[in-house]
Amino acid sequence: MLKIGIIIGSTRPGRKADTVARWVYEIAAKRKDAEYEVVDIKDFNLPLLDEPVSPMMGQYSQPHTKAWSAKIDPFDAFVFVTPEYNHGTSGALKNAIDFLYREWNNKAAGFVSYGAIGGARAVEHLRLSMAELQIADVRAQVLLSLITDFENYTIFKPAPHHEKAVNTLLDQVNAWGTALKPLRNKKG
């Protein structure tokens with residue numbers, strides 16, 4: 001069975017990513033096709049990238065990097081939950097992604113985003129990084145509007161049709177995560 005991490009992509013006070021990620025998890029938990037887990041980057045207290053050697057080398061010296069690596073490595077695929085800040089993803093999520101390299105390779109990813117126009121630009125930003133990390137990102141995505149899916153821009157109340165979109169996303173993440181398994185097995 002695949003193991004899929006639902007990554008909370010913001011550490012900002014008052015963030016919405018944790019609420020959105022738990023909603024995605026509640027939908028995913030009804031499925032029997034994978035094991036899902038919410039991963040909060042805030043729990044790892046990652047500073048701005050402070051490793052002296054490129055992550056491509058896998059020679060981590062910092063305890064926080066080693067803990068982050070140990071958390072990410074066992075996953076087969078990911079769902080990144082990201083806000084859109086200034087036409088991009090959060091600095092905290094980009095930083096967390098940049099700490100590692102091999103741990104991301106030959107895995108699949110999908111995106112759930114939110115913002116004034118659904119966070120579409122944040123997802124486009126992440127897709128560029130995924131290519132470099134050898135992550136197959138799926139076409140389906142879930143775009144949540146701060147205007148229509150959050151009451152007063154704060155209380156998360158997603159439109160009912162988004163649940164179907166989450167399931168479509170998870171179908172694709174599972175398919176690609178399974179398809180890439182032989183490549184992941186070769187690295188071991």
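Just so it is clear, the structure is predicted and the values come from calculations on it, not from any experiment.

Conventions adopted
- Residues numbered from 1 in each chain as written.
- Predicted model: local features only at pLDDT ≥ 70, side-chain atom pairs only at ≥ 80, totals over all residues.
- Heavy atoms only, no water.
- Helix = DSSP H or I, 4+ residues; strand = E, 2+ residues; numbered from the N terminus.
- Rg over C-alpha atoms; globule rule 2.2 N^0.38 Å.
- Buried < 20%, exposed > 50% of the residue type's maximum accessible area, 1.4 Å probe, protein only.
- Contact = heavy atoms within 4.5 Å.
- Areas by Shrake-Rupley, 256 points an atom, 1.4 Å probe, with all protein chains shown as cover.
- Lys, Arg positive; Asp, Glu negative; His and termini not counted.
- Charge placed at Lys NZ, Arg CZ, Asp CG, Glu CD.
- Phe/Tyr/Trp six-rings, centres within 6.5 Å; stacked < 30°, edge-to-face > 60°.
- Lys NZ or Arg CZ within 6 Å of the ring centre and 35° of its normal.
- Axes fitted to C-alpha atoms, helices over the stretch in contact; angles between N-to-C directions.
- Parallel < 35°, antiparallel > 145°, perpendicular 65-115°, else oblique.
- Left-handed = near helix turned anticlockwise from the far one by under 90°.
- Nonpolar A, V, L, I, M, F, W, Y, C, P; charged D, E, K, R; others polar.

## Observations regarding the overall build of the protein
Summing up its helical and strand segments, the protein has six helices and seven strands in all. Sequence-ordered secondary structure for the protein, helices as α and strands as β, is β-α-β-α-β-α-β-α-β-β-β-α-α. For a compact globule of 188 residues, the expected C-alpha radius of gyration is about 16 Å, and the protein comes in at 16 Å, within 12% of that figure. Dimensions of the protein, computed from C-alpha atoms along their principal axes, come out at roughly 45 × 35 × 25 Å. For the protein, buried positions account for 50% of its 188 residues. Restricting the contact set of the protein to residue pairs at least 6 apart, pairs at least 24 apart contribute 78%. As displayed, the protein has an accessible area near 9000 Å², and 55% of this comes from carbon and sulfur atoms. Computing the positive centroid from 23 side-chain charges and the negative centroid from 21, the protein places the two 2 Å apart.

## A short note on the packing of aromatic side chains
In the structure shown here, the tally under the stated rule is 10 aromatic pairs. On the numbers, 5.0 Å between centres and 65° between planes, the contact of Phe44 with Trp68 is edge-to-face. Here the residue Phe44 occupies a position in the loop between β2 (34-40) and α2 (63-72), and Trp68 occupies one in helix α2, the gap between them amounting to 24 residues. A relative accessible area of 17% places Phe44 in the buried class. By relative accessible area, which is 1% here, Trp68 ends up buried. Pairwise contacts between aromatic rings join Phe44, Trp68, Phe75, Phe78, Phe80, Trp104 and Phe111 into one cluster. Its end group placed over the ring of Phe75, Lys3 keeps NZ or CZ at 5.1 Å from the ring centre. Over the ring of Tyr85 we find Arg12, and its NZ or CZ is 4.6 Å from the ring centre.

## Regarding the packing of helix α1 (residues 17-29) against helix α5 (residues 161-179)
α5 packs onto α1 with a crossing angle of 70° between their chain directions and a minimal axis gap of 10 Å. One way to sum up the angle between α1 and α5 is to call them roughly perpendicular. As α1 runs across α5, the sense of the crossing is right-handed. From α1, Trp23, Val24, Ile27 and Ala28 reach across to α5, where they touch His162, Glu163, Val166, Asn167 and Leu170. Of the residues assigned to the contact of α1 with α5, the class counts are six nonpolar, two polar and one charged.

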